[in-house]
Amino acid sequence: MEHALSVLAKARTVRNVRVQTIGQPSAEVMRVLERRGIAILRIVQPKKSFIVGSRPVVKLTAPNRTDLNDPTVEMWLPIASDVAVGAGQGDGKISLHDTVDERPVRQLNIAIAGQSGTIAAGSAALVKSIANAR
């Protein structure tokens, strides 16, 4: 019984750390965001939407390019079914990007699903589609 409680306590601690990390970005991440700025990605196609996952922040990288100081490295957090926020391109400002192309939306959804234990969306068909793509 003690072992089961310690496993549950460990899992709860890990979850809490993840939530705290999202709520309080590190000083390094804040410096990167100040330098790179913040990008806002908005879906303009009415039938497309982002999913949410148990690990909602996703970092998209190329091989051997993982540092957030690299402008080719992307970091995104969906905050609504049609809006995600992330690191900008380097001017320190806020930029708005509308997407009519469904590929970046699907790429982001698949990345979130791939790192999350649980996913959700406003559409059961979307959840099924993304879950089958994993």
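Given the structure is predicted, the values throughout are model-derived calculations rather than measurements. (Residues numbered from 1 in each chain as written. Predicted model: local features only at pLDDT ≥ 70, side-chain atom pairs only at ≥ 80, totals over all residues. Heavy atoms only, no water.)

> So what exactly am I meant to see when it comes to helix 2 (residues 27-36) here?
Think of an α-helix as 3.6 residues a turn; residues three or four steps apart then line up on the same face. Taken residue by residue, helix 2 has Val 32, Leu 33 and Arg 36 as its buried positions. Around the axis of helix 2, the buried residues are gathered within 100 degrees of arc, so they sit on the same side. The exposed residues of helix 2 that point more than 90 degrees off its buried face are Arg 31 and Glu 34. Residues of helix 2 that are buried in the fold lie against strand 1 (38-43), strand 4 (74-80) and strand 5 (83-87). Gly 37 lies just past helix 2 and shows a positive phi near 90 degrees. (Buried < 20%, exposed > 50% of the residue type's maximum accessible area, 1.4 Å probe, protein only. Helix = DSSP H or I, 4+ residues; strand = E, 2+ residues; numbered from the N terminus. Arc of directions from axis to C-beta. Contact = heavy atoms within 4.5 Å.)

> Help me understand the environment of Ser 49, please; the structure alone is not making it clear to me.
Tracing the backbone through its elements, the reader meets Ser 49 in the loop between strand 1 and strand 2 (52-53). Once you skip the residues sitting within four places of it in the chain, Ser 49 turns out to touch Ile 43, Ser 81, Val 105, Asn 109 and Leu 126.

> Is there a simple way to think about unusual backbone geometry in this case?
Among all residues except glycine, the phi angle is most often negative; among peptide bonds, the trans geometry is most common. A positive phi angle, close to 65 degrees, is found at Asn 64, a residue other than glycine. With respect to the secondary-structure elements, Asn 64 resides in the loop between strand 3 (58-60) and strand 4.

> When you look at the pattern of salt bridges in this model, what are you seeing that I'm missing?
Where charged atoms from two side chains of opposite charge approach closely, those side chains can pair. The tally for this structure, following the rule as stated, stands at four salt bridges. Close ionic contact of Asp 98 with Arg 42 constitutes a salt bridge, the shortest N to O distance being 2.7 Å. Remark: Arg 42 occurs in strand 1 and Asp 98 occurs in strand 6 (residues 94-99); sequence separation between them is 56 residues. The exposure class of Arg 42 is partly exposed, given its relative accessible area of 34%. (Salt bridge = Lys/Arg side-chain N within 4 Å of Asp/Glu carboxyl O.)

> Would you mind showing me how to read the nonpolar core here?
Side chains of a nonpolar character, in soluble globular proteins, are inclined to be buried together. Core analysis: the largest hydrophobic core is formed by 16 residues, its most contacted members being Phe 50, Ile 51, Val 58, Trp 76, Ala 84, Leu 108 and Ile 130. Elements with a minimum of two residues in this core: strand 1, strand 3, helix 3 (102-115) and helix 4 (124-133). Here this core gets four residues from one element, more than from any other, and that element is helix 3. Excluding anything up to four places from it in sequence, Ala 84 contacts Ala 39, Ile 40, Leu 41, Phe 50, Trp 76, Leu 77, Pro 78, Ile 79 and Leu 108. By size, the runner-up hydrophobic cluster in this structure holds six residues, among which are Val 32, Leu 33, Met 75 and Ala 87. (Core = buried A, V, L, I, M, F, W, Y, C linked by side-chain atoms within 4.5 Å.)

> For this particular structure, what's the right way to read the pairing of strand 5?
For a regular strand, side chains alternate in direction, first toward one face of the sheet and then toward the other. Taking burial as the measure, the five residues of strand 5 include four buried ones, the bulk of the element. Of the strand pairs in this sheet, strand 1 and strand 5 are connected by five bridges, and their pairing is antiparallel. Across the sheet, residue Ala 39 finds its bridge partner in strand 5, namely Gly 86. Summarising the sheet, strand 4 and strand 5 pair through four bridges and their orientation is antiparallel. Each residue of the ladder has a partner; that of Pro 78, found in strand 5, is Ala 84. If you look at the hairpin formed by strand 4 and strand 5, you'll find two residues sitting between the two strands. (Pairing = 2+ DSSP bridges.)

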